[in-house]
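A look at the structure
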Amino acid sequence: MKTKRQFIIICCVLIGLLTAPWTNVDAAPPSIHTNAVGASLVDVESGRVLYSEKGDTPMRIASLTKIMTAIIAIEQGNLTSMVKVSKNAFGKEGSSIYLKLGEEMRLHDMLYGLMLRSGNDAATAIAEHIGGSVDGFVYLMNEKAKMLGMDHSHFTNPSGLDEGEGHRSSPNDMAKLTAYALKNSVFADIVATKLKKVPNPNEAWDYSWLNKNKMLSMFEGADGVKTGFTKLAKRCLVSSATRNGQQLVVVTLNDGDDWADHAKLLQYGFSHFPLQTLVKKGDAIEGTPWVASRTFKYPLAEGESASLTHQVTLVDPMATEYRLAERGTLRVSLKNKLIQTIPIYDPANPLMQVPEKATFSFQTSTPYQETLLTKYSYICRMLVQGLFHISGSKWAD
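Below or above, wherever it landed, is the structure these notes cover. Just so it is clear, the model here is predicted, and its values are computed rather than measured. (Residues numbered from 1 in each chain as written. Predicted model: local features only at pLDDT ≥ 70, side-chain atom pairs only at ≥ 80, totals over all residues. Heavy atoms only, no water.)

Overview of the overall build of the chain
Test applied: In DSSP terms, a helix is any run of H or I states spanning at least four residues, a strand is any run of E spanning at least two, and both are numbered starting from the N terminus. Buried residues are those whose accessible area, probed at 1.4 Å on protein chains only, stays under 20% of the maximum for their type, while exposed residues exceed 50% and partly exposed ones sit between those limits. Should any heavy atoms of two residues lie within 4.5 Å, those residues are counted as being in contact. For every accessible area listed, the method is Shrake-Rupley and the probe measures 1.4 Å; residues are considered covered only by the protein chains on display.
Within the chain one finds 12 helices and 15 strands. Evaluated residue by residue, the chain yields a buried proportion of 51% over its 397 residues. Within the chain, contacts between residues separated by at least 24 positions form 65% of all contacts whose residues are at least 6 apart in sequence. Counting every atom, the chain has about 19400 Å² of accessible surface; 55% of that belongs to carbon and sulfur.

Thoughts on helix α2 (residues 66-76)
One turn of an α-helix holds 3.6 residues; hence residues three or four places apart share an orientation. With 10 of its 11 residues buried, α2 lies for the most part within the structure. Of the residues making up α2, those classed as buried are K66, I67, M68, T69, A70, I71, I72, A73, I74 and Q76.

Re the sheet that holds strand β14 (residues 326-334)
The criterion, for reference: When DSSP locates at least two bridges between a pair of strands, those strands are taken to pair.
The strand order β11-β15-β14-β13 describes an open sheet built from 4 strands, whose pairing is antiparallel. The sheet is open, and its two edges are formed by β11 (291-292) and β13 (308-314), each paired on a single side. In this sheet, β14 lies alongside β13 in antiparallel orientation, the contact comprising 7 bridges. Looking at β14, one finds that V312 is bridged to L330.

Description of the pairing of β14
Of all the 9 residues making up β14, 8 are buried; the element is thus mostly covered by neighbouring parts of the structure. Taking the residues between adjacent antiparallel strands as the criterion, β14 and strand β15 (residues 337-345) are bridged by 2 residues, where K335 takes a positive phi near 55 degrees.

Structural notes on the sheet that holds strand β9 (residues 246-253)
For clarity, the cut-off: Geometry is summarised by axes, namely lines fitted to C-alpha atoms with helices restricted to the contacting stretch, and by angles between N-to-C directions that run from 0 to 180 degrees.
The strand order across the open sheet formed by 5 strands is β2-β1-β9-β8-β7, and the pairing between neighbours is antiparallel. Sheet topology places β2 (49-53) and β7 (222-230) at the edges, where each strand pairs with a single neighbour. The sheet shows a mean angle of 5 degrees between the axes of neighbouring strands, taken without regard to direction. Of the strand pairs in this sheet, β7 and strand β8 (residues 234-243) are connected by 8 bridges, and their pairing is antiparallel. Of the residues in β8, the one forming a bridge with G228 is C236. Each of β1 (38-43), β2, β7, β8 and β9 is contacted by helix α6 (residues 171-181), which is oriented at about 145 degrees to β9, the strand it contacts most.

Examining the packing of aromatic side chains
Where we set the bar: When two rings of Phe, Tyr or Trp (its six-membered ring) have centres within 6.5 Å they constitute a pair, described as stacked for plane angles under 30 degrees, edge-to-face for angles over 60, and tilted for the intermediate range. In this scheme, Lys NZ or Arg CZ marks a charge over a ring once it lies within 6 Å of the ring centre and within 35 degrees of the ring normal.
Counted according to the given criterion, the structure contains 3 aromatic pairs. Pairing F296 with Y298 gives two aromatic rings, centres 5.7 Å apart and planes at 45 degrees, and the pair type is tilted. Directly above the ring of W290 sits R327, whose terminal nitrogen or CZ lies 5.9 Å from the centroid. Directly above the aromatic system of Y322 lies the positively charged group of R327, at a separation of 3.8 Å from the ring centroid.

A few points about the environment of K196
In this fold, K196 is placed in strand β5 (residues 195-198). Separated by 87 residues in the primary sequence, K196 and D109 have C-alpha atoms spaced 8.9 Å apart. Ignoring anything within four residues of it in the chain, the contact list for K196 reads D109, Y112, L116, Y207, S208 and W209.

Side note on unusual backbone geometry
Note the cis peptide between G224 and V225, where omega equals 20 degrees. By secondary structure assignment, the location of V225 is in strand β7. Positioned with a positive phi, A325 is a non-glycine residue whose angle comes to about 90 degrees. In this fold, A325 is placed in the loop between α10 (320-323) and β14. Even without a glycine there, the phi angle at N336 is positive, about 70 degrees. Of note, N336 is situated in the loop between β14 and β15. For N336, a relative accessible area of 74% puts it in the exposed group.

Digging into the packing of α2 against helix α4 (residues 120-131)
Applied cut-off: Roughly parallel refers to an angle under 35 degrees, roughly antiparallel to one over 145, roughly perpendicular to one between 65 and 115, and oblique to any angle outside these ranges. A clockwise turn of the near helix away from the far one marks a right-handed crossing, whereas an anticlockwise turn of less than a right angle marks a left-handed crossing. Under this grouping Gly is polar, as are all residues other than the nonpolar Ala, Val, Leu, Ile, Met, Phe, Trp, Tyr, Cys and Pro and the charged Asp, Glu, Lys and Arg.
Packing of α2 against α4 leaves a shortest axis separation of 10 Å and a crossing angle of 40 degrees. On the basis of their axis angle, the class for α2 and α4 is oblique. As α2 packs across α4, the resulting crossing turns out to be left-handed. Facing α2, whose interface residues are K66, T69, I72, A73 and Q76, α4 presents N120, A123, I126 and I130. Tallied by class, residues from the contact of α2 with α4 come to 5 nonpolar, 3 polar and 1 charged.

Next comes the structure, spelled out in structure tokens:
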């Protein structure tokens with residue numbers, strides 16, 4: 001009888017444990033896998049890497065290269081300037097928008113041919129227009145990579161053609177680059193376009209370019225970015241999507257089922273790492289008379305909010321920062337790892353009345369800083385034009 005009573009008690013305890021609500025703050029999202037050799041899933045607002053497979057391994061990236069080509073052209077070039085098609089650009093191997101030798105096209109229009117149809121002729125023409133030569137433009141590409149903290153990337157051409165062994169990037173680096181580029185409204189508008197018509201000076205009909213990126217029609221909220229393929233790189237894809245104010249970027253390299261994998265990763269990110277507002281501009285900082293200078297949003301998995309900590313450091317009244325209106329910093333950490341530093345100000349400070357601009361930072365690298373290259377881009381282009389010569393290339397999409 002005693003044994004039977006004990007058995008009943010144990011069963012009741014087990015049933016209670018199985019039916020009781022769980023409150024494990026360290027509960028992790030379910031594991032997820034893809035067919036890609038390398039992959040990365042990143043939140044655009046914060047730069048947090050939500051999923052990574054061989055994220056820092058340099059690999060061939062095919063025409064994903066053109067994301068770098070496009071953002072440099074947008075930032076460094078005059079979008080209304082006319083780009084002339086040279087002999088080197090005319091008839092370029094691989095995917096093409098079939099530009100004619102000597103043809104001139106507005107830079108803004110040519111960027112659509114670059115990103116929607118992956119035109120290698122457009123990539124070469126744009127590179128020569130901005131950098132003075134292909135090699136000159138490649139120099140700008142690698143400088144930009146350094147500024148963005150793309151530590152596992154090296155570019156040798158503007159199109160992603162398989163030439164030599166040096167042209168590489170990693171999944172995390174490409175996600176970082178794309179998240180940066182999507183902050184530019186011109187870039188974002190181009191990669192979200194499904195169909196673009198552009199004046200054709202050679203024919204009675206306009207160019208009509210249909211975007212190769214099927215994600216724009218396959219996934220709700222999709223808004224970019226770029227397809228890629230070469231025989232060596234295999235299928236490569238970068239996609240982005242926005243839902244409920246959160247934008248995510250997915251990169252897959254060498255993935256035979258990339259459309260399905262991107263849909264799966266995007267859904268995974270939205271479902272398990274929703275973007276949350278941790279600090280609002282003007283929020284009072286506990287224990288001080290000061291307020292937060294800007295809003296900070298961060299994607300958190302269920303239960304992670306319990307691992308957030310805040311630390312306030314005040315500025316010495318004799319320090320330069322104090323004279324520049326800063327009263328201290330609020331350091332936000334997740335599981336004892338710093339994820340953001342926010343200056344704090346006097347609420348009466350005029351700076352607190354200025355509307356916020358979109359912020360951009362990365363958890364995994366040094367934040368982007370302007371350099372002399374940006375400030376003196378014209379001088380740089382003139383220098384590299386004299387230092388470098390046009391280079392050839394091979395087949396790519």
